[in-house]
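Fold and contact review
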Amino acid sequence: MPRIDLRSDTVTHPSPAMRRAMAEAELGDDVFGDDPTVNALEERAAELLGKEAGLFVASGTMGNLVAQMAHLARGQETIAGREHHMVIDEAAGHAVIVGASMRSLEDRPDGTMDPADIAAAFRDPTDPHEPITGLITLENTHAHSMGQPLTPEYTREVAAIARAHGVPLHIDGARFWNAVVAQGVRATDLSDPADTVTFCLSKALACPVGSVLVGSREVIWRARRARKMVGGGMRQAGVLAAAGLVALSDGPDGMIERLAEDHANARRLAEALSSFDGVVSAGGTTQPAPGPLDPSRVRTNFVVFRVERDRAAFLAALRARDVEMVEYPHGQVRAVTHYGVTASDIETVIAATRDALAETSPVSVSAGA
């Protein structure tokens, strides 16, 4: 039986249409600005999100990094959620490379920060002891709340706070398109309030490499210089960008509308797991209420839970059945649905999970996370 890999939506392989486009891509030298396929991808991304310009980068981390470098002066500070990817999962690039600090606020179970807390987090620019607040960031979807999508209304509210204080708003939209599809909104409903947005091609959109940062021409020019500084200037990068153009295309080869399938598969998995003895609430921001896993928390392609088992033994029992999930913080287990995982595969995963729970010995888990 082929392995079913739910560790992340980064494990996808490019579609046949992507492989054809990559093989046939028209190429140039992107550092000189003359790779037509990269240019077309950047223009397409900017058009879809209603921005002036785009920048193709190697990863979501690089997109967030060069956005910070474009927005911030050394010694400034960013307001972000305590469990945002930029805070905990990007190797402290904000400190090491950007030279900026992070003021981390509590994340709420819906993936938001309290707007009152955001407003109160601004530093006093007249006090020489304090850093200068220079940026607000949001994460959409919000990974540690089980992939909750942030709404257009909330995004506009935070943007208004940013404008009132004269700082930009950046959205880490690694799974931005999941938020669009889950809420049935236009991409611009979520992107318009922000100064910059980055989204990953290599996660839910199933491309082999890359992310795109979009914003004004001025900001993207600064980000382009920053990309070069951190070693992100790629040459015949159109061979990679071609897959992104397929992913963002209209029609049957595009990867945006099909995200609804991933969301439905994740909900089906959660509904089944919620009935299993030994599967319980992930706790914390992910699912604050104790008890069984709550399938209504699954809004996009993340299913996060805990098992009343030795977690390593449970995952090993799954692996022996050719199913892969992954350890997540706070003693949790994460399963992520994506391109290449079918509804039939989910039924196989459900059966494998039932068997893995039966095979491993029960242990109690802490109620907190």
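Not measured: the values here are computed from a predicted model.

Scoring rules and cut-offs
- Throughout this description, residue numbers start from 1 for each chain and increase along the sequence as written.
- The predicted nature of this model means local features are confined to residues of pLDDT at least 70 and side-chain atom pairs, given and counted, to a pLDDT of 80 or more, with totals for whole chains, interfaces and linings taken over all residues.
- As a rule here, side-chain values cover all heavy atoms of the structure and leave hydrogens and water aside.
- Runs of E in the DSSP output that reach at least two residues are strands. Runs of H or I that reach at least four are helices, and both are numbered from the N terminus.
- With a 1.4 Å probe rolled over the protein chains alone, any residue whose accessible area is under 20% of its type maximum counts as buried; one over 50% counts as exposed, and the rest are partly exposed.
- When charges are counted, Lys and Arg are positive and Asp and Glu negative, with His and the chain ends excluded.
- In this description, the location of a charge corresponds to atom NZ of lysine, CZ of arginine, CG of aspartate or CD of glutamate.
- We define a salt bridge as a contact between a side-chain nitrogen of Lys or Arg and a carboxyl oxygen of Asp or Glu at a distance within 4 Å.
- Between the first and last residue of a helix there are one fewer steps than residues, each counted as 1.5 Å, and that sum is the expected span.
- Buried Ala, Val, Leu, Ile, Met, Phe, Trp, Tyr and Cys residues that are joined via side-chain atoms within 4.5 Å together make up what is termed a nonpolar core.
- Only heavy atoms enter the contact rule, under which two residues are in contact if any of them lie within 4.5 Å.
- Think of it this way: DSSP has to see at least two bridges between two strands before they count as a pair.
- Working convention: axes come from line fits to C-alpha atoms, limited for helices to the stretch in contact. Angles between N-to-C directions cover 0 to 180 degrees.
- In this scheme, roughly parallel covers angles under 35 degrees and roughly antiparallel covers those over 145, while 65 to 115 is roughly perpendicular and the rest are oblique.
- By the definition used in this description, the sense in which the near helix is turned from the far one sets the handedness, with an anticlockwise turn below a right angle giving left-handed and a clockwise turn giving right-handed.
- Under the scheme applied, nonpolar residues are Ala, Val, Leu, Ile, Met, Phe, Trp, Tyr, Cys and Pro; charged residues are Asp, Glu, Lys and Arg; polar residues are all the others, including Gly.
- Disulfides are defined in this document as cysteine sulfur pairs within 2.5 Å.
- Any N or O atom pair separated by 3.5 Å or less is treated as a polar contact, with the protein-specific requirement of one donor-capable and one acceptor-capable atom, and with residues adjacent in sequence counted only for side-chain atom pairs.
- Viewed with both strands pointing away, a crossover whose connecting path from the first strand over the helix to the second turns clockwise is right-handed.

1. Regarding the overall build of the protein
When helices and strands are tallied, the protein shows 14 helices and 13 strands. Principal axes of the C-alpha set define a box for the protein whose edges measure 60 × 55 × 35 Å. Here the protein holds 369 residues, and the buried ones make up 57% of them. On the protein, the mean spot of the 35 positive side-chain charges and the mean spot of the 49 negative ones are 2 Å from each other.

2. Side note on the pattern of salt bridges
As enumerated under the stated definition, the model contains 20 salt bridges in all. One network of salt bridges, with partners in common, ties together R3, D5, R7, R319 and E324.

3. Quick look at helix α7 (residues 152–164)
Each full turn of the α-helix corresponds to 3.6 residues, which orients residues three or four apart in the same direction. An ideal rise of 1.5 Å per residue puts 18 Å on 13 residues; α7 measures up with 18 Å between its terminal C-alpha atoms. Taken as a whole, α7 has its buried residues at P152, Y154, T155, V158, A159, I161 and A162. One or two steps after α7, the chain reaches G166, where phi turns positive at roughly 70 degrees.

4. Side note on the nonpolar core
The biggest cluster of nonpolar side chains holds 53 residues, and the ones touching the most others in it are I118, I136, W177, F199 and L205. Discounting residues that sit within four places of it in the chain, I136 has contacts with I79, I118, F122, V158, I161, A162, V167, P168, L169 and H170. A266, F276, L293 and V336 belong to the second largest nonpolar core, which has 36 residues in total.

5. A closer look at the sheet that holds strand β3 (residues 76–81)
With mixed pairing, seven strands are arranged side by side in an open sheet as β2-β8-β7-β6-β5-β3-β4. Lying at the two open borders of the sheet, with one neighbouring strand each, are β2 (53–57) and β4 (101–105). Averaged over neighbouring strand pairs, the angle between their axes works out to 20 degrees when direction is ignored. Of the strand pairs in this sheet, strand β5 (residues 132–139) and strand β6 (residues 169–173) are connected by four bridges, and their pairing is parallel. Opposite T137, over in β6, you have H170 as the bridge partner. Packed on one face of the sheet, α7 meets β5 and β6 and runs near 175 degrees to β5.

6. What to know about the pairing of β6
Within β6, five of the five residues are buried, which leaves the element mostly enclosed by the surrounding structure. Both faces of β6 are covered, namely the face carrying L169, I171 and G173 and the face carrying H170 and D172. Examined bridge by bridge, β6 and strand β7 (residues 196–200) share four bridges and lie parallel to one another. Bridged to D172 within β7 is T198.

7. Considering the sheet that holds strand β9 (residues 279–280)
The sheet built from four strands is open, its strands ordered β9-β10-β13-β12 with antiparallel pairing. Either end of the sheet is taken by a strand with one partner, and the two such strands are β9 and β12 (326–328). One ladder, built from two bridges, connects β9 with strand β10 (residues 302–307); its direction is antiparallel. Along β10, the bridge assignment pairs V279 with V307. Here helix α12 (residues 259–273) sits on the sheet in contact with β9, β10 and β13 (332–336), set at roughly 20 degrees to β10. Sitting on the sheet, helix α13 (residues 311–319) is in contact with β10, β12 and β13, with an inclination near 155 degrees to β12.

8. Thoughts on the packing of α13 against helix α14 (residues 343–359)
The contact between α13 and α14 brings their axes to 9 Å, and the two run at 135 degrees. Here α13 lies oblique to α14, going by the angle between them. For the element pair α13 and α14, the recorded crossing hand is right-handed. Here F314, A317 and L318 of α13 come into contact with α14, specifically with A352, T353, A356, L357 and E359. Looking at the contact of α13 with α14, its residues break down into six nonpolar, one polar and one charged.

9. Quick word on the state of the cysteines
Across all of its chains, the model carries zero disulfides by this definition. The closest cysteine sulfur to the non-disulfide-bonded C200 is located on C207, 10 Å from its own sulfur. Take C207: its relative accessible area is 2%, and that puts it in the buried class.

10. Some remarks on helix α2 (residues 36–49)
For α2, which comprises 14 residues, the first-to-last C-alpha distance of 20 Å matches the rise-based estimate of 20 Å (1.5 Å per residue) to within 8%. Residues T37, V38, L41, E42, R44, A45, A46 and L49 constitute the buried set of α2. If you check the start of α2, you find a side-chain oxygen 3.0 Å away from the backbone N of T37, and it comes from D35. Looking one or two places after α2, you find G50, whose phi comes out positive at around 70 degrees.

11. Some words on the pairing of β5
Burial of β5 is extensive: seven of the eight residues sit out of reach of the surface. When β3 meets β5, the two strands line up parallel, connected through four bridges. When the sheet's bridge partners are listed, T78 is paired in β5 with L135. Following the backbone out of β5, through α7 and into the adjacent parallel β6, one traces a crossover that is right-handed.

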